[in-house]
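The chain contents come next:
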Amino acid sequence: MRVYYKFHLISILSIFIISGSAFCQNYVSNAQYDSLARELLKKTTDAEKIKVLQLLIDLEPEFSIEPPQRMINNLDQLIDLNNKTRVIDEAGYKSLRESYLLWRNGDLERALIGCKKTIELFDKQKKVMFRLLLQIRVLYNLLSKLDERFKYYTEKLNYYLLTGQQENTAACYHGIAGYYLYKADYNLAISNYLKAAKIYKAFDTVYYYNAIGVVGVTYAEWGNDEKADYYLKQAIPKHKLFKDSGNVAYCLTPQIVLNTRQKRFREALNFADEAIRFTKNNFDSDGTYAIMINLKALVYLEMQKPDLVLPLLTEVQSLIDRFGYKMSSTSGDLEADYAFYKYYQLINDQEKAASSLLAAYDESVEVDVKSLQLKYLKELGFFYQKNEPALALQYLAKYFELNRSMEENKSLKVAQFELEEQDKKQNQHITTLKQERAVQEATIKQRNIILWTSLGALLLIVASALFLYRQLSINKKVLASLRKTQTQLIQSEKMASLGELTAGIAHEIQNPLNFVNNFSEVSVELLEEMEIQLANDDKEEALAIATDVKQNLEKISHHGKRADSIVKGMLQHSRSGSTSKEPTDINALADEYLRLAYHGLRAKDKSFNAELITNFDQALPKILVFPQDVGRVLLNLYTNAFYACNERSQSAQPEEGYKPVLELTTSAEDGFVVIKVRDNGTGIPDNIKDKILQPFFTTKPTGQGTGLGLSLSYDIIVKAHDGTIHIDSKEGRFTEFIVRLPLKV
Amino acid sequence: MKILVVDDEADVQPLFLQRFRKEIRSHELDFDFALSGEEALRYLETNHSEVVLILSDINMPGMSGIELLTRIRHDYSAPPPVVMMITAYGDDENYQQAMTNGANDFLTKPLDFNLLKEKLKELT
């Protein structure tokens, strides 16, 4: 297992330089990562893959040198998948990928700018990325921009306190703590680590114990061994449990240092060996192992055992030559030159000792680690004191100058109480801001709700209006086309009944015409005869003939009128529009149409016969109706009656002796003219009684009826004449239609 | 010779009486009338022996001419009266129906009285 971690070396006079925490690559986060990576292979849909990839990226353990290739691969895959599906807002991930590529190419300045921009993008999405936030401090360290780091995390902390993103505030406290450690301000460093730890505890155990371990080590550095022991005893077992080997070694360093200081070298060596055991597999990736070996060498130096020191220092030097570890890195301080200086002093090689110490000082200047610079300047002062006091004075002067500038830079010249008060004030300010923000948000939310509701309502109204308008115009069109269709249907129903009538009409006209012809012919004969009689002076006979002729002429006139009325009726019947209501003799109308219907049917079906019984109320007054419309109704009733009779006669057994009868009765009752049309046909089954007045309802085979006859009849009688139509029927026995028309309109 | 004319049109009666005015006066022909098949049958019940010729319309409400013909042929076989059918529908089907039911002749409206007179002459 590769382990990246931040290592804080505590050598005898060292102070922490870089950041305040060991890195967090450990068993737990690796196991989590590996199981997620396996999960990714199982996912089939792009959306699911994107989800897992996001988690993989978010959970990538911290790194101290550069982003691992798999991180770039995951980002590539995520962006590629999202290009197809557009499941997430990929802006943050794109920016992250660019930044990490810059990092891997060694362009740390631009990588830092990119990472900060990435955080802004995720902030906009309200996405918590506390690992990335922490990762940024590594970049600041690599760039030795410690003041800027402090400024950045302070600003971000205020922002996240307002937005309430707890995880991110923890990362900020963590980042700020490291800065104070660099400033050797243990008080504020520990305070901030504890603040971070308190928040971590709620959501990430590994980070929590990481912070607790750092607190322990920092207390040790500060000189409070009791507190150091208290925190380290909590942290070390957990680091072991998490197989967080870097942090185990890190937390062991106070023991090595303390025991060395107290001359308990055996214990110090035991702890050093344990730390080496935990880190020996990781020397290829960072300097931790080398740092531990160097620490062990420092123990032997205190024990004044140069023969044991040399092999260790040789190993450290060969590792440095091989991997190019620097004196100060994210892995901590590797004071190899300092150890060599101590070693040469021990073996009394003053020349080499001096050059080693100067090399150490030069490198500390190069990496701009001021605490080490101080340490080495002080050491240089002591070293040259005896033999070259002027030079010693020069180094000590430098020491004090540096120390003074550092003290000035330290913001901390304030009592803890005041700081706490400041803290309280800031908290109050934040609370006020939060409240203001909450009120503002609530107001905005309320306003938005009102706005959206109004907008919604408005849209709804507009939509309804449009819909209604459209429906209305459609309805108008539909209505127009329906009206047209209705007119056409009525017309076609008229034409259909006209067809039924034609044969009857031909017969009806034929008869009066025959009479007209015959009476004319016979009258001519009679007149010829009369001429002879008159010539013979047979006056009596001539007069008798004249009476006959007169009678014949009346007959001719009668039959002529009869034909005329039939033709007129036919024309009226087929005419589309009703003219006006006319005083009409219902008896005559009913009788006329009965004959038409009967003969019409017989013309089609010669075998059909029916007894027609008419009971006319001779006292019936004329009433105002549309004669052709009422005629059509009657025609329809007769046709139906004959149809029913015909149906029954066809299904009747010969022994039944079924005789079709149609009975037509007129009467005046309660201010109405009542027309009853009764047949002894098949009758109407109960289940269709209420349907037969509906349009298009017909029991006739397809093509034989329009299904409009009765519904039009209903319209004519009920709507146009304020009358009624009733049906009385017993299946297999009779049907009676009772039409009532008001006597007075 | 007694002739029974069956027609639902009442005006057929004055027409026949005028057309055969001379024959009636000379007592060559004697006419009786019925307005329906039923009335004709009732008339025949008492007068069938006198009646030589029956002229009947086919299309009448109630009993049709064909039905009347069938009844006459069934009820009055000795001596069988001469039955001539008259119809406005001079189509083939009507003709066939009349002849198969035992009509002696088939005339179409409008009636050609000259033709009818000749046919009557043949009978006497």
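Refer to the preceding data block for the structure.
Numbers given for residues are sequential positions, taken from 1 along each chain in its written order. Chains and ligands are labelled sequentially in the order written, the chains with letters from A and the ligands with numbers from 1. Where local features are concerned, this predicted model is filtered to residues with pLDDT of at least 70; where side-chain atom pairs are given and counted, the filter is 80 or more; whole-chain, interface and lining totals use all residues.

*Asks:* What is the right way to look at the pairing of strand β6 (residues 661-669) of chain A in this model?
*Replies:* The side chains of a regular strand alternate between the sheet's two faces. Residues and elements named next belong to chain A. Note that strand β4 (residues 611-615) and β6 share 5 bridges and pair parallel. Each residue of the ladder has a partner; that of glutamate 611, found in β6, is valine 661. Pairing between β6 and strand β7 (residues 672-679): 8 bridges, direction antiparallel. Bridge pairing links glutamate 669 to phenylalanine 672 in β7. Linking two consecutive strands that pair antiparallel, namely β6 and β7, is a turn of 2 residues; a positive phi of about 50° is found at aspartate 670 within it. Any two strands with at least two DSSP-identified bridges between them are counted as paired. By the criteria applied, helices consist of DSSP H or I runs no shorter than four residues and strands consist of E runs no shorter than two, each listed in order from the N terminus.

*Asks:* Please clarify how the interface of chain B and chain A should be interpreted in this entry.
*Replies:* A common way to express how large an interface is: the accessible area buried when the components associate. Working definition of a contact: two residues with C-beta atoms, positioned from the backbone, lying within 7 Å. Each side of the interface is counted separately: chain B has 17 residues, and chain A has 22 residues. If you list the elements that add at least two residues to the side of chain B that touches chain A, you get α1 (12-19) and α5 (92-100) of chain B. Examining the composition of the side of chain B that touches chain A, we find that 4 residues originate from one element, α1(B), more than from any other. Three residue categories are used. Nonpolar comprises Ala, Val, Leu, Ile, Met, Phe, Trp, Tyr, Cys and Pro, charged comprises Asp, Glu, Lys and Arg, and polar comprises the others, including Gly. A per-class count over the side of chain B that touches chain A returns 7 nonpolar, 5 polar and 5 charged.

*Asks:* Explanation requested: the nonpolar core in the structure shown.
*Replies:* Soluble globular proteins tend to bury their nonpolar side chains together. We call a set of buried Ala, Val, Leu, Ile, Met, Phe, Trp, Tyr and Cys residues a nonpolar core when their C-beta atoms link them within 7 Å. Buried, partly exposed and exposed are defined by the number of other C-beta atoms within 10 Å of a residue's own C-beta, namely 20 or more, between the two limits, and 12 or fewer respectively, with C-beta atoms placed from the backbone. Core analysis: the largest hydrophobic core is formed by 114 residues, its most contacted members being A:Tyr193, A:Ala196, A:Ala211, A:Val215, A:Ile256, A:Ala297 and A:Ala339. Not counting residues up to four positions away in its chain, the partners in contact with A:Ala196 are A:Ala170, A:Tyr173, A:His174, A:Ala177 and A:Ala211. Within the second largest apolar cluster, 35 residues are counted, among which are B:Val51, B:Met63, B:Ile72 and B:Ala103.

*Asks:* Just checking my understanding: could you explain the packing of helix α2 (residues 46-59) of chain A against helix α3 (residues 69-85) of chain A for this structure?
*Replies:* In a packed pair of helices, the relevant descriptors are the angle between the two axes and the axis-to-axis distance. Residues and elements named next belong to chain A. Every axis corresponds to a line fitted to the C-alpha atoms, with the helix fit spanning only the stretch in contact, and the corresponding angles, defined between N-to-C directions, vary from 0 to 180 degrees. The geometry of α2 relative to α3 is characterised by a closest axis approach of 9 Å and an angle of 150° between their N-to-C directions. Relative to α3, the element α2 lies roughly antiparallel. Every pair of crossing elements has a handedness; the one defined by α2 and α3 is left-handed. Counting all contacts with α2, which are made through Asp46, Ala47, Lys49, Ile50, Leu53, Gln54, Leu56 and Ile57, the residues of α3 involved are Met71, Asn74, Leu75, Gln77, Leu78, Leu81, Asn82, Lys84 and Thr85. Residues belonging to the contact of α2 with α3 are distributed by class as follows: 9 nonpolar, 5 polar and 3 charged. By definition in this entry, angles of less than 35 degrees are roughly parallel, angles greater than 145 are roughly antiparallel, angles of 65 to 115 are roughly perpendicular, and the rest are oblique. Two helices crossing with the near one rotated counterclockwise from the far one by less than a right angle form a left-handed crossing, whereas a clockwise rotation gives a right-handed crossing.

*Asks:* Where do I start with unusual backbone geometry in this structure?
*Replies:* Glycine aside, a negative phi is what most residues show, and trans is what most peptide bonds show. Residue and element names in this part refer to chain A. One non-glycine residue, aspartate 670, lies in positive phi territory at about 50°. Along the polypeptide, aspartate 670 turns up in the loop between β6 and β7. For aspartate 670, a count of 8 C-beta atoms within 10 Å gives the class exposed.

*Asks:* How should the sheet that holds strand β9 (residues 734-742) of chain A be read in this particular structure?
*Replies:* Each strand in a sheet pairs with its neighbour through backbone hydrogen bonds, running either in the same direction (parallel) or in the opposite one (antiparallel). Residue and element names in this part refer to chain A. On the basis of which strands lie adjacent, the open sheet formed by 5 strands has the order β4-β6-β7-β9-β8 and mixed pairing. Here the strands that pair on one side only, and so sit at the sheet edges, are β4 and β8 (724-730). Looking at each pair of strands side by side, their axes are set apart by 15° on average, direction ignored. Taken strand by strand, helix α22 (residues 586-604) contacts β4, β6 and β7, and its axis lies near 165° from that of β6. The strands touched by helix α25 (residues 709-720) within the sheet are β8 and β9, with β8 carrying the most contacts at an inclination of about 130°.

*Asks:* Could you clarify how one ought to interpret the sheet that holds strand β3 (residues 51-57) of chain B in this entry?
*Replies:* All names here are of chain B. Strand order in the open sheet formed by 5 strands is β2-β1-β3-β4-β5, with parallel pairing between adjacent strands. Two strands in the sheet have a free side with no partner beyond their single neighbour: β2 (30-34) and β5 (105-108). Strand-to-strand twist in this sheet, taken as the mean axis angle between neighbours without regard to direction, amounts to 20°.

*Asks:* Would you take a moment to explain the environment of B:Ala40 for this structure?
*Replies:* Residues and elements named next belong to chain B. With respect to the element layout, alanine 40 can be found in helix α3 (residues 37-47). Residue class for alanine 40 comes out buried when judged on the 26 C-beta atoms lying within 10 Å of it. Along the sequence, alanine 40 and isoleucine 72 sit 32 residues apart, while their C-alpha atoms lie 9.7 Å from each other. Apart from the residues lying within four places of it in its own chain, the contact partners of alanine 40 are Leu4, Val6, Ala34, Ser56 and Leu68.

*Asks:* Can you help me understand the pairing of β7(A) in this one?
*Replies:* Residue and element names in this part refer to chain A. For β7, the tally of buried residues reaches 6 of 8 residues, placing the bulk of the element in the interior. For β7 and β9, the ladder comprises 8 bridges, and the chain directions are antiparallel. Looking at β9, one finds that valine 674 is bridged to arginine 740.

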